[in-house]
Amino acid sequence: MKLTVQDLNSHYGPAHILFDIGFEVGEGEVVALLGRNGAGKSTTFRSIVGLVAQRSGRIMFEGKDVSAKPTHEIVRDGLGYVPEERRIFTDLTVEENLEVGKQSKRPNAPHWTREKLFALFPNLGEMKNRPGGRMSGGEQQMLTIARTLMGNPSLVLLDEPSEGLSPKIVEQMVDAILTMKKEGVSIVVSEQNLHFARLISDRAYIIERGRICFGGTMAELDARPDIRDAHLSL
Amino acid sequence: MSVAPPLLAVEGLTKSYGGIHAVRGVSFSLRAGEILALIGPNGAGKSTCFDMLNGQNKPDSGHVRLLGEETTGKKPREIWRMGVGRTFQITATFATMTVRENVQVALISHGKQLFNLFGSAPNFDRSEAGRLLELVGMGGYADRPCGELAYGDLKRLELAVALANEPKLLLMDEPTAGMAPRERVDLMRLTAQIAREKSIGVLFTEHDMDVVFEHADRIIVLNRGTLIAEGSPAEVRSNPQVQAVYLGEGLLYEAGHREGAST
Amino acid sequence: MAFYVVQFLTGLASAASLFLVASGLSIIFGVTRIVNFAHGAFYMIGAYIAFTLTERLSGAFGFWGSIVLAALAVALIGVLVEMVLLRRIYHAPELFQLLATFGLTLMVEDLVVLVWGPDDLVGRRAPGFKGAIDFFGQNIPSYDLFLIVLGPVVLGILWLLFQRTRWGVLVRAATQDRDMVAALGVNQKWLFTSVFAVGVFLAALGGALQIPRDAVHHAMDLRIIVEVFVVVVIGGLGSIVGAFVAAVLVSELNAFGILIFPKISIILVFLVMAVVLIVRPWGLFGKPEAAARKTPGLTVNPWRPLTSNERLASLAALVIAATLPLFAGNYALTVGSEIAIFVIFAVSLHFLMSVGGLASFGHAAYFGLGAYGIAFLAKMAGLPMIVCLLLGPLLGCMGAAVFGFFAVQLSGVYFAMLTLAFAQIVWSIAFQWVSVTGGDNGILGVWPEKWAASPSHFYWLALGVAALVTIVLRVMVFSPFGYALRATRDSLLRTEAIGINAKRIQWTAFVIAGTTAGIGGALFAYLKGSVFPDNLGISLSVDALVMVLLGGVETVSGAVIGAIVYKALNIWLVSQTDLSKLVLGGFIVLIVVVFPKGIVGMLEMLAQRRRKSSPPGSPLLAKPIESAE
C-alpha cells in the first residue's frame with residue numbers, strides 16, 4: 001500500500017471532527033474521498049500532512065509511520081498536498097511559486113521540471129512572471145497543483161480541485177490528473193462532485209460527519225444509490 | 001403596475017477591480033415576502049453583488065433602493081438601520097458571549113441603547129430575546145456560550161440575530177453552507193415560514209440546488225458578472241444557458257438533480 | 001540655505017540606523033507575526049559589544065571588523081532567544097508575544113548595566129571618517145555621509161536577498177502563508193530562526209554603527225524602539241521599502257522639527273503619523289491586515305454579574321481592607337494606598353483590554369496626565385483638593401479622547417504600537433517642555449489637604465475611590481454599552497451588520513479607560529506629593545499590562561487580584577534587589593510561557609475541574625471586588 005490511514009481522530013479545540021477514519025491507497029491508484037461541505041474531507045487531508053495539531057491514529061506512508069512527523073518532513077518524504085483554497089502566494093510570480101515547491105529528485109517518483117509542468121499546464125507557461133494574485137481561479141488551481149508537483153511527490157492529496165471552476169477548466173483538470181496518474185503519481189482526491197470523481201478515480205470512500213461510511217470501487221458505489229443520495233449533493 | 005416601489009430594486013449595478021468587471025449592469029427587484037435565490041458559478045460575482053447590497057462594497061455605478069430609498073454608498077450599519085438583516089457564509093457571532101447575549105446585543109442596537117452605560121444588559125429585553133430564540137428553535141440554548149455551539153446551531157442563531165431589528169429584507173449568503181443535509185432543509189423551511197408570515201423579502205445565494213429549487217420563489221443566475229437568466233425554478237432549470245454554465249450538461253451533474261430532485 | 005541642506009543631510013544620516021532597525025523588525029514581523037519589542041535591546045547590545053570590541057581591536061580593520069563581529073554576535077544571541085523563548089509562543093496571542101519580548105528588554109537593560117556600568121560610553125571615531133566636510137561654511141561629519149550612502153546600499157542588498165535568492169522567495173512566501181510553505185516541504189523552524197537572525201543582525205548593526213555618532217547608554221533601547229514603532233506604523237509593517245521611506249521621513253521631521261518647535265520637536269512626527277493613519281491606516285507601503293488574532297483569544301467563558309453571595313463576600317473583603325489602619329503602621333498604609341491606586345489603574349486597562357480587546361501599551365499616559373492635571377491645578381491654579389480630584393483626571397480624559405480617536409482606527413499589534421508611541425510622545429513633552437512641566441525635575445510639593453493628609457485617611461480615600469471605580473466599571477461591563485463593547489471585540493463584521501458603529505464604541509471605551517486611569521494618577525500625585533515624567537513612562541504602562549495579565553486577561557475581576565499581587569510583589573522586590581528589572585523581566589517571561597491564564601484564570605480552571613461532574617453550565621467567576629493585601 002502507498003498510504004494507509006488507520007483510526008485517525010482529529011479535534012479543533014473542543015470539537016471532535018474526525019472519528020476513526022481509515023482508508024487505503026494502492027501504488028499508482030487514484031482514490032476519491034467524497035462528501036459534502038464540512039463532512040471532514042479537508043480535515044482528513046490536513047491531518048495526514050500534520051497541519052492539524054490535535055490528531056491521533058496511524059498514518060503509514062510507503063511503509064513508514066509518519067503520524068508523528070512535522071508537516072515539512074512528511075512532505076519531503078514525498079507526500080504532496082494541494083489545499084482546497086489553493087493558497088497560492090499572491091505576491092509571488094508563477095516562477096517563484098514553483099520555486100517554493102521545489103524539492104530534490106526522488107527515486108520512486110516522477111521528476112517534474114518547469115518545462116514538463118508548463119507542457120502539462122500550457123496556460124502557466126504563458127505567464128511565468130505574472131504575480132499569482134493576478135491570475136484567474138482556474139489558473140491558480142493549475143499553479144497550486146504544479147507547485148506541489150515541483151516537490152516530486154509519489155502521492156498527492158488533492159483537495160477539491162474542481163471547486164468553483166467552470167466545466168471547461170474542470171475537463172482540463174481531469175486530463176491533468178490522468179496524466180499525473182500515467183506518470184506514476186498516486187492520488188487521493190477529495191470531491192463533492194460525483195461525476196468528476198467518476199472520471200478520474202479507481203475507488204472511492206464516502207465521508208459524512210467525520211466518519212467513513214462507504215468504501216469501494218466506483219461500480220460498487222453506483223450499485224448503492226441509497227448511500228450515494230444520502231451523502232452526496234449534486 | 002403598482003405605484004408603490006418594490007421592497008428591493010437593483011438597477012445597473014456595476015463594479016470592476018483592476019480592469020476586470022466583477023459585476024456588470026445587474027438589475028433585479030424583490031417583493032416583500034418573496035424568496036429570491038441568486039446562483040451562479042464561483043467567481044461569477046455573487047459575493048461582490050451581495051456585498052454591494054449590504055454596503056460592504058461600493059458599486060462603481062448603479063443603484064440599490066430599499067422601498068424607494070437609495071442605499072448605495074451607505075455603510076452596512078446604516079443599511080441595517082433601514083431594515084436589512086443579514087447572515088454570513090461563515091457565521092459571524094460573538095463567540096465569548098452566550099446565545100441570549102448575542103441576540104441581546106442586536107436588540108440593544110435596535111433599541112438605540114448602545115451608549116447606555118449603567119443599565120443592566122443581562123435583563124435587557126430578555127423576553128424578546130427569548131421569543132426570537134424560540135422562533136428559530138434555540139430556546140433551550142439561551143445560556144450556552146456561543147463558542148460551544150455546533151455549526152448548524154450557529155446558523156440558526158445568526159437568523160435570530162438577523163431578525164432582531166424586525167427587518168423588511170434578509171440577505172443570506174450561502175445560508176446552508178457547511179450544514180448537514182437534514183439541517184439544511186430545516187433551516188430553509190424555517191426561514192421560508194418566517195419570511196412568509198412576516199412578509200420579509202429574502203435574497204440568498206446558495207450552491208445546494210436542492211435548497212434553491214425547493215424554497216426559492218424566483219431564481220436569478222449570474223455568470224461572469226452579468227445576469228443571464230431570471231425566472232421560476234422550473235424556468236431556470238430548463239434554461240439551456242444556465243445548464244451550460246452552471247447546472248452542467250450531464251457530464252458533471254446527475255440527471256436527477258438537473259430536474260430538481262426533491263429531498 | 002546651506003544650513004538647511006546640512007540639516008537635511010544630518011536627518012538622512014540618522015535615518016540609516018533607524019532604517020536598519022526598522023527593516024529588521026519588519027522582516028521578523030512579516031514571517032513570524034511577532035512584533036519584537038526586544039529589537040531595541042538587540043540594537044543596544046550591538047552598540048555595547050561594538051564599543052568593547054572597537055576598544056580592543058585596533059586599526060581600521062579592527063574597527064570595521066568589530067562592527068560586523070558585534071552584529072554577528074548579537075544575531076547569535078537572537079538565534080538563542082528565538083529557539084529557547086519564541087518557539088514556545090508563536091501560537092500565543094499577540095499581546096503575550098509583545099509582553100514576553102518586552103520582558104526580555106527589561107532583563108537586557110539590567111544586564112548591560114551589570115556588564116558595562118551605568119555611565120555613558122563614548123566610542124571611537126570611525127577610521128577614515130573622522131573629519132568633516134565643509135559645505136558653504138557648514139560642517140558635515142564625513143561619517144554622516146558614509147551613513148547616508150549606507151542606507152540605500154543596505155536597502156539594495158536586502159532587495160536582492162529577497163528577490164534573487166531561494167531563501168528570499170521562501171521568506172516572502174512564508175510572509176503570506178506560513179503553513180502553506182511548510183506544506184510544500186520547507187522547514188518552518190529554521191526559516192523562522194534564520195529570519196530572526198537576519199532581523200536581529202540588522203538591529204545590532206544599526207546599534208554598532210551609532211557608536212561614532214552617539215554615546216552608548218542603557219536607555220537607548222527604548223528610545224529607538226519607539227521611533228521604530230513610529231516608522232513601521234507610518235511605513236507599513238512588513239514593508240522594507242516602507243521602512244526606508246518612513247525612516248527618512250521621521251528623521252527629517254526630527255531634524256527640522258527642532259527648528260520649528262525646539263522644545264517639543266516630536267509633535268511634528270506625531271502630526272504626520274496622525275495624517276498617515278487617517279489616510280492609510282496600514283501605513284504608506286503596508287497592506288491591510290487580514291483579521292488579526294484576538295488579543296485575549298484563548299478560550300473565554302461567558303461572563304456574568306456577581307451573585308448576591310459573591311457581592312456579600314466582596315463587601316466583606318472591602319470591610320476587612322478598611323480595617324487596615326486599626327493595626328498597621330504608616331508604611332503599610334502608604335503601601336496599601338499605592339496598591340489601591342494601582343487597582344484603579346489595572347481595572348481601567350482591563351476595561352479596555354479584556355472587555356474591549358484593545359491592549360494598550362501606553363496606558364500610563366492617561367495615568368500620568370491625571371497626575372499632571374492635579375499638579376497644574378493644585379500648584380499653579382491653587383484649587384482645593386476636592387476640585388482638583390474632580391478636574392485633574394479630565395486631562396487624562398482629554399488625552400484619551402485625542403489619542404484614542406486615532407488608536408481605535410487600528411487593532412492588534414498596530415494598536416499596541418500606536419498607543420505606545422502616543423504615550424512616549426506625551427512622555428517626551430513632559431520631559432522636554434521644562435518651562436511648564438519642570439522636565440526631569442518634575443513638579444514637587446503636591447500634597448493633600450489636611451483632611452486627607454494622614455496615612456490612614458489617605459488610605460481610606462484611595463480604598464474608597466478604588467472600590468467605587470471598580471464597581472462602576474463592573475456595572476459598565478454588564479451594561480448595554482459593555483455588551484456592545486464585548487461584541488466589537490468578538491466580531492467586528494457582525495457588530496457592523498447589526499448597526500453598531502464599532503469605532504465609536506471603542507473610542508468611548510478608550511476615553512472611559514483613560515479617564516479612570518487619570519483618577520488613579522490624580523490620587524498617585526497626592527500620595528507621592530510630586531509628579532515626574534516617569535508617571536507616564538513605558539515601564540508604568542507595562543506594569544499595568546502585567547497586572548491584568550497576572551490576574552487573568554480573560555476574567556472579569558482578575559485585574560483587581562493581579563494589581564494587588566503584582567504591586568505588593570513589586571514593592572517588596574525593589575526593596576530587596578538592585579536588579580529589579582532583571583527579576584521583573586524574567587517574571588513576565590515566565591508568566592507568559594507557563595502561566596498564560598493568570599491567577600484568577602487558573603483558579604477558575606481548578607474550580608471547573610473540581611466541578612467536572614456537574615455540567616459546565618455556569619462558569620465560576622466569583623471574585624471579591626476588593627480585598628486587603
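Given the structure is predicted, the values throughout are model-derived calculations rather than measurements.

Conventions used here
- Residues numbered from 1 in each chain as written.
- Chains lettered and ligands numbered in written order.
- Predicted model: local features only at pLDDT ≥ 70, side-chain atom pairs only at ≥ 80, totals over all residues.
- Heavy atoms only, no water.
- Helix = DSSP H or I, 4+ residues; strand = E, 2+ residues; numbered from the N terminus.
- Rg over C-alpha atoms; globule rule 2.2 N^0.38 Å.
- Buried < 20%, exposed > 50% of the residue type's maximum accessible area, 1.4 Å probe, protein only.
- Contact = heavy atoms within 4.5 Å.
- Areas by Shrake-Rupley, 256 points an atom, 1.4 Å probe, with all protein chains shown as cover.
- Lys, Arg positive; Asp, Glu negative; His and termini not counted.
- Charge placed at Lys NZ, Arg CZ, Asp CG, Glu CD.
- Domains from an automatic or database assignment.
- Buried area = accessible area lost by both parts, 1.4 Å probe.
- Salt bridge = Lys/Arg side-chain N within 4 Å of Asp/Glu carboxyl O.
- Polar contact = N/O pair within 3.5 Å; in protein donor to acceptor, adjacent residues only side chain to side chain.
- Nonpolar A, V, L, I, M, F, W, Y, C, P; charged D, E, K, R; others polar.
- Axes fitted to C-alpha atoms, helices over the stretch in contact; angles between N-to-C directions.
- Parallel < 35°, antiparallel > 145°, perpendicular 65-115°, else oblique.
- Left-handed = near helix turned anticlockwise from the far one by under 90°.
- Phe/Tyr/Trp six-rings, centres within 6.5 Å; stacked < 30°, edge-to-face > 60°.
- Lys NZ or Arg CZ within 6 Å of the ring centre and 35° of its normal.
- Core = buried A, V, L, I, M, F, W, Y, C linked by side-chain atoms within 4.5 Å.
- Patch = residues over 30% accessible without salt bridge, like charges linked within 9 Å, V, L, I, M, F, W, Y side chains within 5 Å.
- pLDDT = per-residue confidence, 0-100.
- Pairing = 2+ DSSP bridges.

### Digging into the overall build of chain C
In terms of helices and strands, chain C carries 28 helices and four strands. Radius of gyration (C-alpha) of chain C: 25 Å, near the 25 Å computed for a compact globule of 629 residues. When each of the 629 residues of chain C is scored for burial, the buried share is 61%. Within chain C, residue pairs in contact and separated by at least 24 positions form 80% of the contacts whose partners lie at least 6 positions apart. Roughly 23,000 Å² of accessible area belongs to chain C as shown, and the carbon and sulfur atoms make up 70% of that amount. Where the 38 positive side-chain charges of chain C centre and where its 29 negative ones centre are 9 Å apart.

### Let's talk about the domain arrangement of chain C
All names here are of chain C. Here the domain parsing of chain C yields domain 1 (2-230) and domain 2 (308-610). Each of domain 1 and domain 2 has a C-alpha centre, and these two points are 33 Å apart. Counting from both sides, the interface comprises 25 residues of domain 1 and, opposite them, 29 residues of domain 2. Summed over both sides, the interface between domain 1 and domain 2 buries roughly 2,500 Å², with carbon and sulfur atoms accounting for 89% of that surface. Counting the surface domain 1 buries against domain 2, the share from its top three residues, Phe96, Leu99 and Asp110, is 24%. The interface formed by domain 1 and domain 2 includes one salt bridge.

### Points about the interface of chain B and chain C
Contacts between chain B and chain C engage 36 residues on the former and 32 residues on the latter. Across the interface of chain B and chain C, roughly 3,000 Å² is buried in total on both sides, 67% from carbon and sulfur atoms. At the boundary of chain B with chain C, the tally comes to three salt bridges. Residue arginine 494 of chain C is joined to glutamate 158 of chain B by a salt bridge in which the shortest nitrogen-to-oxygen separation is 2.7 Å. In this structure, the connection of chain B to chain C is made through 15 residue pairs in polar contact (both at pLDDT 80 or more). The biggest single contributor to the side of chain B that touches chain C is helix H3 (residues 99-110) of chain B, with six residues. Residue composition of the side of chain B that touches chain C, grouped by class: 19 nonpolar, eleven polar and six charged.

### Considering the packing of helix H1 (residues 2-32) of chain C against helix H9 (residues 220-235) of chain C
All names here are of chain C. One way to put it is that H1 packs onto H9 with a least axis distance of 9 Å and a crossing angle of 70°. Here H9 runs roughly perpendicular to H1, going by the angle between their axes. Like other packed secondary-structure pairs, H1 and H9 cross with a definite hand, here right-handed. Residues Leu18, Val21, Ala22, Leu25 and Ser26 of H1 touch H9, and the partners they reach there are Ile224, Glu227, Val228, Phe229, Val231 and Val232. Across the contact of H1 with H9, the residue classes tally to nine nonpolar, one polar and one charged.

### Structural notes on the packing of aromatic side chains
Aromatic rings considered in pairs are described by the distance between their centres and by the relative angle of their planes. All names here are of chain C. Per the counting criterion, the structure on display carries 30 aromatic pairs over all chains. Connected via pairs of aromatic rings, a cluster forms that spans Phe63, Trp64, Phe129, Tyr143 and Phe146. Taking the ring centre of phenylalanine 342 as reference, the NZ or CZ of lysine 567 above it sits at 3.9 Å.

### Here's the deal with the nonpolar core
Core analysis: the largest hydrophobic core is formed by 302 residues, its most contacted members being Leu3 of chain A, Phe204 of chain B together with Leu99, Met273 and Phe351 of chain C. With near-sequence residues (within four places) excluded, leucine 99 of chain C lies in contact with Phe361, Val542, Leu545, Val546, Leu549, Ile588 and Val592 of chain C. Judged by nonpolar contacts, the second largest core, of 43 residues, contains Val82, Leu124, Ile145 and Ala146 of chain A.

### Thoughts on a nonpolar patch on the surface
All names here are of chain C. There is a patch of nonpolar side chains on the surface, built from Leu383, Ile386, Val387, Leu390, Leu391, Leu394 and Trp451 and spanning about 600 Å² of accessible area. The element best represented in the nonpolar patch is helix H16 (residues 385-391), accounting for four residues. With respect to the secondary-structure elements, leucine 394 resides in helix H17 (residues 393-407). On the basis of relative accessible area, leucine 394 is assigned to the partly exposed category, the value being 40%.

### As for the confidence of the model for chain B
Residues and elements named next belong to chain B. Per-residue pLDDT for chain B averages 85, and the proportion of residues at 70 or more is 90%. Across chain B, H3 holds the top mean pLDDT of 95, while helix H10 (residues 255-258) sits lowest at 39. Counting interchain partners and residues more than four positions distant, the pLDDT-below-50 stretch residues 249-263 has 37 contacts.

### Some remarks on the pairing of strand E4 (residues 61-66) of chain B
Residues and elements named next belong to chain B. Judged from the five bridges that link them, strand E1 (residues 8-17) and E4 form a sheet pairing that is antiparallel. By the bridge assignment for E4, threonine 14 is matched with serine 61. With two bridges connecting them, E4 and strand E5 (residues 69-70) associate as antiparallel partners. Among the inter-strand pairings, arginine 65 is bridged to a residue of E5, identified as glutamate 70. Counted between consecutive antiparallel strands, the loop separating E4 from E5 contains two residues, among which leucine 67 sits at a positive phi close to 50°.

### Details of the confidence of the model for chain C
All names here are of chain C. For chain C, the average pLDDT comes to 87, and 94% of its residues sit at 70 or higher. Across chain C, element-level confidence peaks in helix H24 (residues 502-528) with a mean pLDDT of 96 and bottoms out in helix H28 (residues 598-610) with 75. Across residues 291-298, where pLDDT falls below 50, the model places 26 contacts with residues more than four positions away in sequence or in other chains. Predicted confidence is poor over residues 613-629, with pLDDT under 50, and the contacts of this stretch with residues over four places away or in other chains come to 51 contacts.

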